[in-house]
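# Examination of the molecular architecture
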Amino acid sequence: MNKLIILAALAFGFACKSQQNVAVKDTSVQAYELSQYIEENEIKEMLYTYASDEFKGREAGSEFEYIATEYIRDFYKDLGIAAAPGTQDYYQLIPQGTYSRLSGDANNVVAYLPGTDKADEVIVLSAHLDHLGVHNGKTYNGADDDGSGTIAIMNIAKAMKKASDKGIKPRRTIVFLHVTGEEKGLYGSHYYAENPLLPLENTITNLNIDMIGRVDDEHKNDEDYLYLIGSEMLSKELKQVSDEVNNKHFKMNFDYRFDAPNDPNRFYYRSDHYNFAKNGIPVIFYFNGTHDDYHKDSDTADKINYPLLTKRTKLIFATAWTLANRENKPALD
Ligand SMILES: [Zn+2]
């Protein structure tokens, strides 16, 4: 082999290596940059609306559920984000009688952003749209539970649409799944998993958000935190990607204490991600922990920490965007 060929080979090797590094770096850097489209003012305004008395506590299957579902649907419609295939005008109907504690028809609201060269692989972002309704004249507004997750997903979707309109599209397909009936027994996510609108076998990850707008007693002196649950149960690589996005760009303190298999709180089983995890789909459940207003009529919009909710929303955006665009899907262990 002559020197020239060796030099050429070396140069080629370096080129490949640096190109690869650039590609890896670009995914999370771009994700972080695009996450800055998300605005605190908009999150705040939307959550004050969504958790107002006019929404009547958003009880699944009640005569008032439509107030929440129409609000979510109209948001996607106005932005030009498409309805997921198989929906009726963004609605996935769960007929009355499907589940014991549903007193009427209920609906999931599902929008999606199709991917480009890996469009058949799907990431589902989920949050429950329902809360506890009105009881004894008290409206349960559920600002944190789960107004925070609902509004987070809507703002993530809006930022992704804005990027797409500028020609920066996700490689994988992203589904924005607003499930109903969580408070009555994870009904909406159960129904979706039984009647998936995009194939579960191609669903590579579910990121579920349920309560991310508050600070619990454990973290009064360390507000810059978030509990992550389940992130390495099915794929260690998913946790690695999630940690990498955080450590590079957000530096939030991820708290994994609820990940212990014998944790008495059993949070892994207690929100909508479980209906994906039980089907072998890797999940991350994002959660701020419980607080004095949990499941009380005092879970109101004025108690939300908006800068923190916005930062957590950006972090989840960047994680989703990185997962949607990196070369490999998280490997199952
Ligand atoms: Zn909840």
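Here, every reference points to the structure presented above.
To start, this report covers the structure provided alongside it. If you're wondering where the values come from, they're calculated on a predicted model, not measured in any experiment.

All right, on to the pairing of strand β8 (residues 203–209) then. Across the seven residues that make up β8, a large majority, seven, are buried. As judged from the four bridges shared by β8 and strand β11 (residues 283–287), these two strands associate in the parallel manner. Directly across from Asn-208, in β11, lies its bridge partner Phe-285.

What follows deals with the packing of helix α3 (residues 65–79) against helix α4 (residues 143–165). For the pair α3 and α4, interaxial distance at closest approach is 11 Å and the crossing angle is 10°. Judged by the angle between their axes, α3 and α4 are roughly parallel. When α3 is examined against α4, the residues Tyr-71, Ile-72, Phe-75, Tyr-76 and Leu-79 are found in contact with a partner set consisting of Thr-150, Ile-151, Ile-153, Met-154, Ala-157, Lys-158 and Lys-161. Tallied by class, residues from the contact of α3 with α4 come to nine nonpolar, one polar and two charged.

Those donors, His-128 (NE2), Asp-145 (OD), Asp-210 (OD) and Asp-210 (OD), are the protein atoms that reach the zinc ion, and they lie 1.9 to 2.6 Å from it. Around the zinc ion sit four donor atoms; with metal-centred angles ranging over 52 to 149°, the donor geometry is irregular. Since its relative accessible area comes to 1%, His-128 is described here as buried. Residue classification places Asp-210 among the buried positions, given a relative accessible area of 5%.

With that out of the way, let us pick up helix α7 (residues 236–250). Three or four residues apart is the spacing at which side chains of an α-helix point the same way, because the helix has 3.6 residues per turn. Compared with an ideal rise of 1.5 Å per residue, which puts 15 residues at 21 Å, α7 spans 20 Å between its outermost C-alpha atoms and is within 8% of the ideal. Glu-237, Leu-238, Lys-239, Val-241, Ser-242, Asp-243, Val-245, Asn-246, His-249 and Phe-250 are the residues of α7 that are buried. Downstream of α7 by a residue or two, Lys-251 has a phi angle that is positive, lying close to 55°.

Relative to the elements of secondary structure, Leu-323 occurs in helix α9 (residues 306–325). Judged by its relative accessible area of 0%, Leu-323 falls in the buried class. Taking C-alpha positions, Leu-323 is 8.3 Å from Arg-172, a pair spaced 151 residues apart along the chain. Ignoring sequence-local partners within four residues, the contact set of Leu-323 consists of Ile-123, Arg-172, Ile-204, Thr-205, Leu-207, Leu-238, Val-241 and Pro-330.

Turning to the pattern of salt bridges, a few remarks are in order. All told, the structure shown has 19 salt bridges when counted by the stated rule. Salt-bridge contacts for Asp-89 lead to Lys-77; the nearest nitrogen and oxygen are separated by 3.0 Å. Here the residue Asp-89 occupies a position in the loop between β1 (82–83) and β2 (91–94), and Lys-77 occupies one in helix α3, the gap between them amounting to 12 residues. When its relative accessible area of 36% is taken as the criterion, Asp-89 is described as partly exposed. Several salt bridges share partner residues, and in doing so they unite Arg-73, Asp-74, Lys-77 and Asp-89 into one network.

A word on the layout of surface pockets. Taken as a whole, the second largest pocket spans an internal volume of roughly 150 Å³. Together, 13 residues line the second largest pocket, and Glu-182, Asp-210, Met-211, Arg-270 and Tyr-294 are the ones closest to its centre. Listed by contribution, the elements that provide at least two residues to the lining of the second largest pocket are α5 (182–185) and β11. Grouping the amino acids of the lining of the second largest pocket by side-chain chemistry returns five nonpolar, three polar and five charged.

The rules we used
Residues numbered from 1 in each chain as written. Predicted model: local features only at pLDDT ≥ 70, side-chain atom pairs only at ≥ 80, totals over all residues. Heavy atoms only, no water. Buried < 20%, exposed > 50% of the residue type's maximum accessible area, 1.4 Å probe, protein only. Helix = DSSP H or I, 4+ residues; strand = E, 2+ residues; numbered from the N terminus. Pairing = 2+ DSSP bridges. Axes fitted to C-alpha atoms, helices over the stretch in contact; angles between N-to-C directions. Parallel < 35°, antiparallel > 145°, perpendicular 65-115°, else oblique. Contact = heavy atoms within 4.5 Å. Nonpolar A, V, L, I, M, F, W, Y, C, P; charged D, E, K, R; others polar. Donors = N, O, S within 2.8 Å, 3.2 Å for Na, K, Ca; no water. Tetrahedral: all angles 85-135°; square planar, octahedral: opposite > 155°, others 65-115°. Expected span 1.5 Å × (residues − 1). Salt bridge = Lys/Arg side-chain N within 4 Å of Asp/Glu carboxyl O. 1 Å grid on protein atoms, 1.4 Å probe; cavity = no way out; pocket = protein on both sides within 12 Å on 5 of 7 lines; lining within 4 Å. Points joined across faces, edges and corners; volume = space filled by probe spheres on them.

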